[in-house]
Amino acid sequence: MSYKDLYNEWLENPYFDEETKQELRAIENDEKEIEERFYKELEFGTAGLRGIIGAGTNRMNFYTVGKATQGLANYIIKMNGQDRGVAIAYDSRNMSPEFADAAALCLAANGIKAYVYDALRPTPMLSFAVRELGCISGINITASHNPAEYNGYKVYWEDGAQVTPPHDEGITAEVNAIDITAAKTMDKQEAIDKGLYIQIGGDIDDKYIAAIKKVVKQQGAIDKVKDKTKIVYTPLHGTGNIPVRRVLEELGFTNVYVVKEQEMPNGDFPTCPYPNPEDPQTFELAVKLGTEVDADLLMATDPDADRIGIYVRGEERGEYIPLTGNMQGCLLCEYELDVMNVENSIPDDGAIIKTIVSTNMANDIAEYYNVDCIETLTGFKYIGGKILEFEKSGHGTFVAGFEESYGYLVGTHARDKDAVVAAMVFSEAAAYYKQWDISLWDKIKELYWRYGYWRDKTESITLKGKEGIEKINNTIEKLRENPPKELAGIPTKVFKDYKFGTVKNFETGEESDTGLPKSNVLYFEFDCDCAAWLAIRPSGTEPKLKFYYGLKGQTEEEADEKIAKLGEATINMVNEMLK
């Protein structure tokens, strides 16, 4: 059926409500908009759905949420997991509560209990609830840090991580096998009366806060300087406000200043159209407040509070230095291992875990403290999977995990990135070093001195719509078929194609296996003394072609010069491929 036939079907079929039809009638003379909404179904990927809110098969709406949930319900029943129930959370985005209820009532109509949070909650609290309640699965309604017009639908499995093989493939197959009109539903009051719609809240919150407080290693340091440590925090109109402030207060921090303009939940994100802690615009109000109060640390969490960005105080009052996601991850790992080393408590089988596109400074940190550094594919679910492997095998102790896109985890209470626990640990680290008059910026400089001047960059090119996606896919295939033999004058040494699981050494001609699951990522290592590398992949959640690159210099100037050359050569190569 063509996109125009689907458009007309939605207008004529009594299954679709009048409000949806009115929205579609309003675009009847906009052929391109009709095509964008109906040329495909909103893809149910390995993490679920994400798209623009609106009517159409390629949009987030009650019908696409219903189809996804019915497919999930069918899979749960095939796995004989219907008696265990599904936990559901949602963030501050427009339509999040409504989509959460739609999912819950679809599950209920299939005889599966839905444990629904009574108000918005961070993503890591959903991960925690799945494990705490013994659920077979979890659903989180969120589009993370995307712009306001987006929403999404993330699926979790019983370990508290987003679904991985074989469950992701099984759920996707069930979703794709049914028509969008096949979703069951039932009356909410009837679901409540039958014990199929169960509200959760404060009790789970208390257990979550108690669990993350167990991660704290230096309460004594906090007690010494809690009145002197000043922290500015902004939840960016999202879910982090209550849990972040609560845990910091319970630990004793008395000088926590919240950015008032960004404190309350608001799905339109009026002060930050792109509510991503990576974006400097999101920190403008925090920097202003930080300057007023002379804060040591500025923190921002994204709408579903699974990502966090921090700025640290520089040498002068009012000078705040943004840390990249990679440097935040290294600071987090260094702090945890530094304290454990002082306490002589580093486990013999300790490990930090990072994704393949995150900085290789982490390898140097792991080597310094004699722990393993394990790499996974992009996506925090793979880090969660490694923690599960540790538990099942009895070998491996998780110290910390991170990905360059501002996601971190300390502790095993959740199996997804957790900005609440990260905010707590960064605050603890600020207090720990402050007792010796060492700032977090001093500590970052120490990392460079000890491990070398690592520079890591993440760039992306956004290409929206059907044509954009085709260009992205074509570019990846061109690079796969003709990998560059050199870049910025540096010969390519190793080419890894994670889609086919192959590693080719250009020097020796030897081929081997990546040892990781399949993923559409190309990775290049270059033959130089600066350990340069490059990775390219399409985004799994946005219409973007993403590329990551990094290297190490002996001096700051050398590192900056070399990373600029590598970045320029990468952009030129990618733009040439996009033609």
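If you're wondering where the values come from, they're calculated on a predicted model, not measured in any experiment. (Residues numbered from 1 in each chain as written. Predicted model: local features only at pLDDT ≥ 70, side-chain atom pairs only at ≥ 80, totals over all residues. Heavy atoms only, no water.)

## Re the overall build of the protein chain
Our working definition: Every helix listed is a DSSP run of H or I at least four residues long, and every strand listed is a run of E at least two residues long, numbered separately from the N terminus. As a reference, a globule follows 2.2 Å times the number of residues to the power 0.38, and the radius of gyration itself is taken over C-alpha atoms. Only protein chains enter the accessibility calculation, which uses a 1.4 Å probe; a residue whose area is less than 20% of its type maximum is buried, one above 50% is exposed, and one in between is partly exposed. All accessible-area figures derive from a Shrake-Rupley calculation using a 1.4 Å probe, and residue coverage is judged against the displayed protein chains alone. We score Asp and Glu as negative and Lys and Arg as positive, and we do not count His or the chain ends. Where a charge sits is defined by one atom per residue type, namely NZ (Lys), CZ (Arg), CG (Asp) or CD (Glu).
Helix and strand counts for the protein chain come out as 19 helices and 23 strands. Scaling as 2.2 N^0.38, a compact globule of 579 residues should have a C-alpha radius of gyration of about 25 Å, and the protein chain matches this with 24 Å. Seen through its C-alpha atoms, the protein chain measures out along the principal axes to roughly 70 × 55 × 50 Å. Across the 579 residues that make up the protein chain, the buried fraction comes to 59%. As displayed, the protein chain has an accessible area near 23000 Å², and 47% of this comes from carbon and sulfur atoms. Of note, the protein chain has its 64 positive side-chain charges centred 1 Å away from the centre of its 96 negative side-chain charges.

## Description of the sheet that holds strand 8 (residues 255–258)
Our working definition: Being paired, for any two strands, means DSSP has found at least two bridges between them. Axis definition: a line fitted to C-alpha atoms, over the contacting stretch in the case of helices. Angles run 0 to 180 degrees between N-to-C directions.
Reading across the sheet, the five strands line up as 8-7-9-10-11 and stay open at both edges, with mixed pairing between neighbours. Looking at the sheet topology across the chains shown, the edges are occupied by strand 8 and strand 11 (320–322). Taken pair by pair, the neighbouring strands of this sheet meet at an average axis angle of 25°, ignoring direction. As paired elements, strand 7 (residues 230–234) and strand 9 (residues 297–301) share four bridges and run parallel to each other. Along strand 9, the bridge assignment pairs Thr-234 with Ala-300.

## Some words on the sheet that holds strand 3 (residues 114–117)
Judged by pairing direction, the sheet is mixed, and its six strands sit side by side in the order 1-5-4-2-3-6 without closing on themselves. Looking along the sheet, the strands with just one partner apiece sit at the ends: strand 1 (48–52) and strand 6 (197–200). Adjacent strand axes in the sheet meet at a mean angle of 20° when their direction is disregarded. Relative to strand 3, strand 2 (residues 86–90) runs parallel, the two sharing three bridges. Note that in strand 3 the partner of Val-86 across the bridge is Ala-114.

## Here's the deal with the environment of Val-163
By secondary structure assignment, the location of Val-163 is in the loop between strand 5 (150–157) and helix 7 (167–176). For the pair Val-163 and Tyr-382, spaced 219 residues apart in sequence, the C-alpha to C-alpha distance is 9.3 Å.

## Side note on the pairing of strand 9
Counted residue by residue, strand 9 has five buried out of five residues, so it is predominantly covered. Burial along strand 9 is two-sided: the residues Leu-297, Met-299 and Thr-301 and Leu-298 and Ala-300 are all buried. Pairing analysis gives five bridges linking strand 9 to strand 10 (residues 308–313), with the strands arranged antiparallel. Bridge pairing in strand 10 places Thr-301 opposite Ile-308. Hairpin geometry of strand 9 and strand 10 is characterised by an intervening segment of six residues between the two adjacent antiparallel strands and by a positive phi of about 55° at Ala-305.

## Quick look at the nonpolar core
Note the cut-off: As used here, the term nonpolar core means buried Ala, Val, Leu, Ile, Met, Phe, Trp, Tyr and Cys residues forming a set that is joined through side-chain atoms within 4.5 Å.
Among the nonpolar cores identified, the biggest contains 79 residues, and Met-299, Ile-308, Ile-310, Met-361, Met-424 and Phe-426 are the most heavily contacted of them. Examining the composition of this core, we find that 13 residues originate from one element, helix 16 (residues 419–434), more than from any other. Ranked by size, the runner-up nonpolar core spans 36 residues in total, among them Leu-72, Tyr-75, Val-163 and Ile-171.

## Description of the packing of aromatic side chains
Rule in force here: By convention, a stacked pair of Phe, Tyr or Trp rings (six-membered ring in the case of Trp) has centres within 6.5 Å and planes under 30 degrees apart, an edge-to-face pair has planes over 60 apart, and any other such pair is tilted.
Under the defined criterion, the tally for this structure stands at 21 aromatic pairs. Pairing Tyr-7 with Phe-38 gives two aromatic rings, centres 5.9 Å apart and planes at 75°, and the pair type is edge-to-face. Of this pair, Tyr-7 sits in helix 1 (residues 3–12) while Phe-38 is found in helix 3 (residues 31–38), placing the two residues 31 residues apart along the sequence. Considered together, Tyr-7 and Phe-38 belong to a single accessibility category, that of buried residues. Ring centres 5.9 Å apart and planes at 75° place the aromatic pair Tyr-335 and Tyr-433 in the edge-to-face group. With Tyr-335 in helix 13 (residues 325–342) and Tyr-433 in helix 16, this pair connects stretches of sequence that are 98 residues apart. Tyr-335 gets classed as buried once you look at its relative accessible area, which sits at 0%. Its relative accessible area of 2% is what places Tyr-433 among the buried residues. Aromatic rings pair up to connect Tyr-7, Trp-10, Tyr-15, Phe-16, Phe-38 and Tyr-63 into one cluster.

## Quick word on the pattern of salt bridges
Using the following cut-off: A pairing counts as a salt bridge when a side-chain nitrogen of Lys or Arg comes within 4 Å of a carboxyl oxygen of Asp or Glu.
Inspection of the entire model under this criterion finds 47 salt bridges. In this structure, Arg-313 and Asp-294 form a salt bridge, with 2.8 Å as the shortest nitrogen-oxygen distance. Here Arg-313 is found in strand 10, whereas its partner Asp-294 is found in the loop between helix 12 (284–293) and strand 9, with 19 residues between them in sequence. Take Asp-294: its relative accessible area is 22%, and that puts it in the partly exposed class. Between Arg-307 and Asp-302 there is a salt bridge whose closest N-O contact spans 4.0 Å. Asp-302 matches Arg-307 in its accessibility class, with the two residues each being buried. Overlapping salt bridges bring together Lys-154, Asp-304, Asp-306, Glu-403, Asp-416 and Lys-417 as one network.

## What about helix 7?
Note the threshold: Note on definitions: a residue-residue contact is assigned when non-hydrogen atoms from the two residues lie within 4.5 Å.
For helix 7, the buried fraction is high: seven of the 10 residues fall into the buried class. For helix 7, the complete set of buried residues consists of His-167, Asp-168, Gly-170, Ile-171, Thr-172, Glu-174 and Val-175. Where helix 7 is buried, its residues contact helix 4 (62–78) and strand 5.

## Some thoughts on the packing of helix 6 (residues 123–133) against helix 9 (residues 202–213)
Under the convention used in this document: Angles are sorted into four bins: roughly parallel if under 35 degrees, roughly antiparallel if over 145, roughly perpendicular if 65 to 115, and oblique for all others.
Where helix 6 contacts helix 9, the two axes come as close as 10 Å, and the packing angle between them is 105°. As the angle between them shows, helix 6 and helix 9 are arranged roughly perpendicular. From helix 6, Pro-124, Met-125, Phe-128, Ala-129, Glu-132 and Leu-133 reach across to helix 9, where they touch Ile-204, Asp-205, Lys-207, Tyr-208 and Ala-211.

## Describing the side chain of Lys-21
Structurally, Lys-21 is set in helix 2 (residues 18–25). Filtering out sequence-adjacent residues up to four positions away, Lys-21 remains in contact with Trp-10, Leu-11, Glu-12, Asn-13, Pro-14 and Phe-16.

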